[in-house]
Amino acid sequence: MKLLNNPVFSDLIFRGVMLITSVLPELTPTLKLRGFLVRKCFNSCGKNFQLTKDVRVNQCKNIDIGNDVFLSAGVWVLASEKVVFGDGVMMGPYSIIITGDHTRDNGSFRFGKAVRAPIVLGRGSWIGAHSVVAKGVTIGNGAVLAACSVATKNVPEMAVYGGVPAKLIRQD
């Protein structure tokens, strides 16, 4: 499977599997099958990876996935740098992981240099629906990023963060 070591080919395989399996019903066996079929596209992928039909991933080879990870409807993972999903991570609908950002050049962001940094989602963390995890952020083990939040700074273990930008709501 040397072709799967090619990042471009891995992304094409991922998109092909997602397209072909999109006609199947969104039931747990389908989510598990889809996860099994795309597992070799990633740098590493544990067992019981589940994802819905409209998950979007760019640059699969920059991603490490632990065991029992679930990506819900509409999740986007833009991995221009390393992204790590710890065991038991759950991402809610339409949440986004993005390892890059833009800078201004000559008064415009369009041609500014990209700034990139890795993202780590700790074991058992939960990214709520419509949330964004920005470049360089680590979400601690067992932490929650509440729905419709933007994490621009690290979230400690066992904490609940929410808002734009995300701030501490509760520390368990």
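Residues numbered from 1 in each chain as written. Predicted model: local features only at pLDDT ≥ 70, side-chain atom pairs only at ≥ 80, totals over all residues. Heavy atoms only, no water.

On to the sheet that holds strand 15 (residues 138-139), then. Reading across the sheet, the five strands line up as 1-4-7-12-15 and stay open at both edges, with parallel pairing between neighbours. A strand with exactly one partner marks an edge of an open sheet, and here the two such strands are strand 1 (44-45) and strand 15. Two strands pair when backbone bridges link them, and strand 12 (residues 119-121) and strand 15 are joined in this way by two bridges, in the parallel orientation. Residue pairing across strands places Leu121 opposite Ile139, the latter belonging to strand 15. (Pairing = 2+ DSSP bridges. Helix = DSSP H or I, 4+ residues; strand = E, 2+ residues; numbered from the N terminus.)

In the contact formed by helix 1 (residues 7-21) and helix 2 (residues 28-38), the axes pass within 9 Å of each other and the chain directions differ by 155 degrees. By the criterion of interaxial angle, the relationship of helix 1 to helix 2 is roughly antiparallel. Handedness of the crossing formed by helix 1 with helix 2: right-handed. Only Arg34, Leu37 and Val38 of helix 2 make contact with helix 1, whose side of the interface consists of Phe14, Val17, Met18 and Thr21. Partitioning the contact of helix 1 with helix 2 into residue classes produces five nonpolar, one polar and one charged. (Axes fitted to C-alpha atoms, helices over the stretch in contact; angles between N-to-C directions. Parallel < 35°, antiparallel > 145°, perpendicular 65-115°, else oblique. Left-handed = near helix turned anticlockwise from the far one by under 90°. Contact = heavy atoms within 4.5 Å. Nonpolar A, V, L, I, M, F, W, Y, C, P; charged D, E, K, R; others polar.)

If you look at the biggest cluster of nonpolar residues, it comprises 37 residues, and the most contacted ones within it are Phe14, Phe85 and Leu121. Sorting elements by how many residues they give to this core places helix 1 first, with three residues. (Core = buried A, V, L, I, M, F, W, Y, C linked by side-chain atoms within 4.5 Å. Buried < 20%, exposed > 50% of the residue type's maximum accessible area, 1.4 Å probe, protein only.)

What you see with strand 18 (residues 159-162) is no split at all: Ala159 and Tyr161 on one side and Val160 and Gly162 on the other are buried throughout. Across four bridges, strand 18 lies against strand 19 (residues 167-171) in antiparallel orientation. What sits directly across from Ala159, in strand 19, is Gln171. Counting the residues in the hairpin turn of strand 18 and strand 19 gives four residues, including Gly163, whose phi is positive at 105 degrees.

Our focus in this paragraph is the state of the cysteines. For the coordinates displayed, the defined rule picks out zero disulfides. Looking at Cys41, it has no disulfide partner, and the nearest cysteine sulfur is the one in Cys60, 5.4 Å off. (Disulfide = S-S within 2.5 Å.)

Okay, the pattern of salt bridges next. Summed over all chains, the structure comprises four salt bridges. The residue Asp64 makes a salt bridge to Lys82 at a minimum N-O spacing of 2.2 Å. Pair noted here: Asp64 is in strand 4 (residues 63-65) and Lys82 is in the loop between strand 6 (76-78) and strand 7 (83-85), with a separation of 18 residues, a long-range link. The class of Lys82 is partly exposed, set by a relative accessible area of 34%. Linking Arg170 and Asp172 is a salt bridge whose minimum nitrogen-to-oxygen distance equals 2.7 Å. On the basis of relative accessibility, which here comes to 46%, the residue Arg170 falls in the partly exposed class. (Salt bridge = Lys/Arg side-chain N within 4 Å of Asp/Glu carboxyl O.)

Keep in mind that these numbers describe shape and distance, not what the molecule does.
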